[in-house]
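Here's the letter readout for the chains.
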Amino acid sequence: MNAPTSPDTNALLERAELQARIVSQLAAHLPTHALLYQNEDTTPYECDGLTAYRQRPLVVALPETEAQVAAVLKTCHALNVPVVARGAGTGLSGGAMPHAMGVTLSLAKFNKILKIDKRSRTAVVQCGVRNLAISEASAPYGMYYAPDPSSQIACTIGGNVAENSGGVHCLKYGLTLHNIQKVRGFTIEGEDIEFGSDALDEPGYDLLSVVVGSEGMLAVSTEVTVKLIPKPQLARCIMASFDDIRKAGDAVAQVIAAGIIPAGLEMMDKPMTVAVEDFVHAGYDLTAEAILLCESDGTPEEVEEEIGRMSAVLTAAGATRISVSNSEAERLRFWSGRKNAFPASGRISPDYMCMDSTIPRKRVADILLAIAEMEKKYQLRCANVFHAGDGNLHPLILFDANDPDQLHRCELFGADILETSVAMGGTVTGEHGVGVEKLNSMCVQFSPEENAQMFALKAAFDTQGLLNPGKVIPTLHRCAEYGKELVRAGKVKHPDLPRF
């Protein structure tokens, strides 16, 4: 007589049977090398840039043609199997973390630039093309692609579309949404779908604004038409030092209040400047409590005038030192520290968790001072770097993931930053997305009715909820449980989210 199987054994058998069924059916559409399912082959796909959370996928599919993408989606839809689309894996919110019983759809092989049109100032590229590669390919035409996230050397345009990525120049030139003209791809049923158009506008609802930033929950993007802009004749950068965080934060608001929209306006606090200076030797003032990087671009005359105006505002705001780049090499050196903030943090801590909230510009100093108090509360260090011009914070909480207690305190620290940002009139995310990281904090920002509307929008594209399930939109049950947690922690008197 056979011994009864345990629940764990039953789960393993169910997983193995589903895996075999998926592999068998996908093998009819994909070559052998494009279908991974052995543990040693799927482990590299178990997380994105948020390494604190991991899950090995059941199967990884690496299609090479759009027909193969459609076939994978049709097969998974017929099997009722979840699909998680993945680009370069540089995301920082767990948006590409696999589903335990699903297929990870890697689009890494869609890496061709299909067309650059100088007359229309557009480029048609596949979703796996690196962000920086677009500007490199456009440079001979005197153009470039403006959104420039710090990961631009590695991140792909498909991922940028999913997260609505920004970068240091997003203040003047906008986020991904403002620099995209059309997105082509497939629904979960494997049907062609197109958002936007080759024209400057299209009839009907603006669904391009819906898909950009949807984190792979509505459709799988395979081709993107991006807008290109002419390279400016000149760009110069101011590096301004401040001996006080509040002065630096207030200076940001004063620059914008003066009617100046810099090409870039970034801020770093002292812990971050120390870390990056040791890494790239950018020439940062290590005595400053914070530094601002303010860039101007345009014609030489425009740049000269704007640099003068910004310098005057910064001096009046209390800058203790102002340096202005006098060459392109010096400008790039000023920016090298900002661009390398994340790898520099990796040199001073075993792990870090990068948060991504947004606050009104006038509250920059308030949130930084609040974060300083949180460092004491949670006994963890935090280095701050962010897009000061549009209030998009990137606090990097430093911790050791091998210590469960540190990871737990890091999670509490991050949630505190997000929820304090909401209380200050901000949001829980600016450009990194919600993924799995910010699900609880979404309960604080949005009401059950608002979350229900977001679920309804997803259902319009994905009735069975198979595309990137369990992310971005929290369930009513999850929010109710999180409300109870906040009551127990003394943060609220009753669990009626989203109010504090």
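Predicted model only: the values in this text are computed from it and were never measured.

Helix and strand counts for the protein chain come out as 17 helices and 18 strands. Computed over C-alpha atoms, the radius of gyration of the protein chain comes to 23 Å, within 12% of the 23 Å expected from 2.2 N^0.38 for 500 residues, which places it in the range of a compact globule. Split into buried and exposed, the 500 residues of the protein chain put 54% on the buried side. Expressed as a percentage of contacts within the protein chain between residues at least 6 apart in sequence, the contacts between residues at least 24 apart total 71%. Here the protein chain displays about 21,200 Å² of accessible surface, and carbon together with sulfur accounts for 53% of that area. One way to put it: in the protein chain the 45 positive side-chain charges average out to a point 1 Å from where the 61 negative ones average out.

Time to look at the nonpolar core. Within the largest apolar cluster, 60 residues are counted, with the highest numbers of intra-cluster contacts made by Phe242, Met267, Leu292, Leu314, Ile397 and Phe413. What isoleucine 397 contacts, discounting residues up to four positions off in sequence, is Asp351, Tyr352, Met353, Met355, Leu380, Arg381, Cys382, Cys410, Phe413, Gly414 and Ile417. Ranked by size, the runner-up nonpolar core spans 31 residues in total, among them Leu35, Tyr45, Val72 and Cys76.

Here the focus is the pattern of salt bridges. Throughout the structure, instances matching the rule amount to 27 salt bridges. The shortest N-O distance in the salt bridge between aspartate 366 and arginine 363 comes to 2.6 Å. Residues participating in the shared-partner salt-bridge network are Glu66, Arg184 and Glu223.

So, about the sheet that holds strand S6 (residues 122–126). If you trace the five strands from one edge of the open sheet to the other, you get S5-S6-S10-S8-S9, paired in antiparallel fashion. The sheet is open, and its two edges are formed by strand S5 (113–117) and strand S9 (192–196), each paired on a single side. Each neighbouring strand pair of the sheet contributes to a mean axis angle of 15°, computed without reference to strand direction. Two elements, strand S8 (residues 180–186) and S9, share five bridges in a ladder whose sense is antiparallel. Within S9, the residue paired with lysine 182 across the bridge is glycine 196.

Moving on, we get to the side chain of threonine 222. Along the chain, the position of threonine 222 falls in strand S10 (residues 220–227). Here the side chain of threonine 222 touches glutamate 66 through a polar contact of 2.9 Å, side chain to side chain. Excluding residues that lie within four positions of it along the chain, threonine 222 makes contacts with Glu66, Val69, Phe110, Val125, Gln126, Cys127, Arg184, Gly185 and Phe186.

Right, let's get into the environment of isoleucine 256. Its location among the elements puts isoleucine 256 in helix H8 (residues 245–257). For isoleucine 256 and glycine 426, which are 170 residues apart along the polypeptide, the C-alpha to C-alpha distance reads 18 Å. Ignoring any residue separated from it by four or fewer positions in sequence, one finds isoleucine 256 in contact with Leu171, Ile261, Pro262, Leu265 and Arg361.

As a further point, take the environment of serine 138. Mapped onto the elements of the fold, serine 138 is located in helix H4 (residues 131–138). Owing to a relative accessible area of 0%, serine 138 belongs among the buried residues under this scheme. Residues serine 138 and alanine 70, spaced 68 residues apart in sequence, show a C-alpha to C-alpha distance of 30 Å. When near neighbours in sequence (up to four residues on either side) are disregarded, serine 138 contacts Ile116, Met143, Tyr144 and Leu228.

Time to look at the state of the cysteines. Considering all chains together, one arrives at one disulfide under this definition. In this model, cysteine 443 is linked to cysteine 479 through a disulfide, with the two sulfur atoms separated by 2.2 Å. Between cysteine 443 and cysteine 479 the sulfur-sulfur dihedral comes to about -85°; the bridge is accordingly left-handed. In this pair, cysteine 443 sits in helix H15 (residues 439–445) while cysteine 479 sits in helix H17 (residues 476–488), placing the two residues 36 residues apart along the sequence.

Analysis parameters
Residues numbered from 1 in each chain as written. Predicted model: local features only at pLDDT ≥ 70, side-chain atom pairs only at ≥ 80, totals over all residues. Heavy atoms only, no water. Helix = DSSP H or I, 4+ residues; strand = E, 2+ residues; numbered from the N terminus. Rg over C-alpha atoms; globule rule 2.2 N^0.38 Å. Buried < 20%, exposed > 50% of the residue type's maximum accessible area, 1.4 Å probe, protein only. Contact = heavy atoms within 4.5 Å. Areas by Shrake-Rupley, 256 points an atom, 1.4 Å probe, with all protein chains shown as cover. Lys, Arg positive; Asp, Glu negative; His and termini not counted. Charge placed at Lys NZ, Arg CZ, Asp CG, Glu CD. Core = buried A, V, L, I, M, F, W, Y, C linked by side-chain atoms within 4.5 Å. Salt bridge = Lys/Arg side-chain N within 4 Å of Asp/Glu carboxyl O. Pairing = 2+ DSSP bridges. Axes fitted to C-alpha atoms, helices over the stretch in contact; angles between N-to-C directions. Polar contact = N/O pair within 3.5 Å; in protein donor to acceptor, adjacent residues only side chain to side chain. Disulfide = S-S within 2.5 Å.

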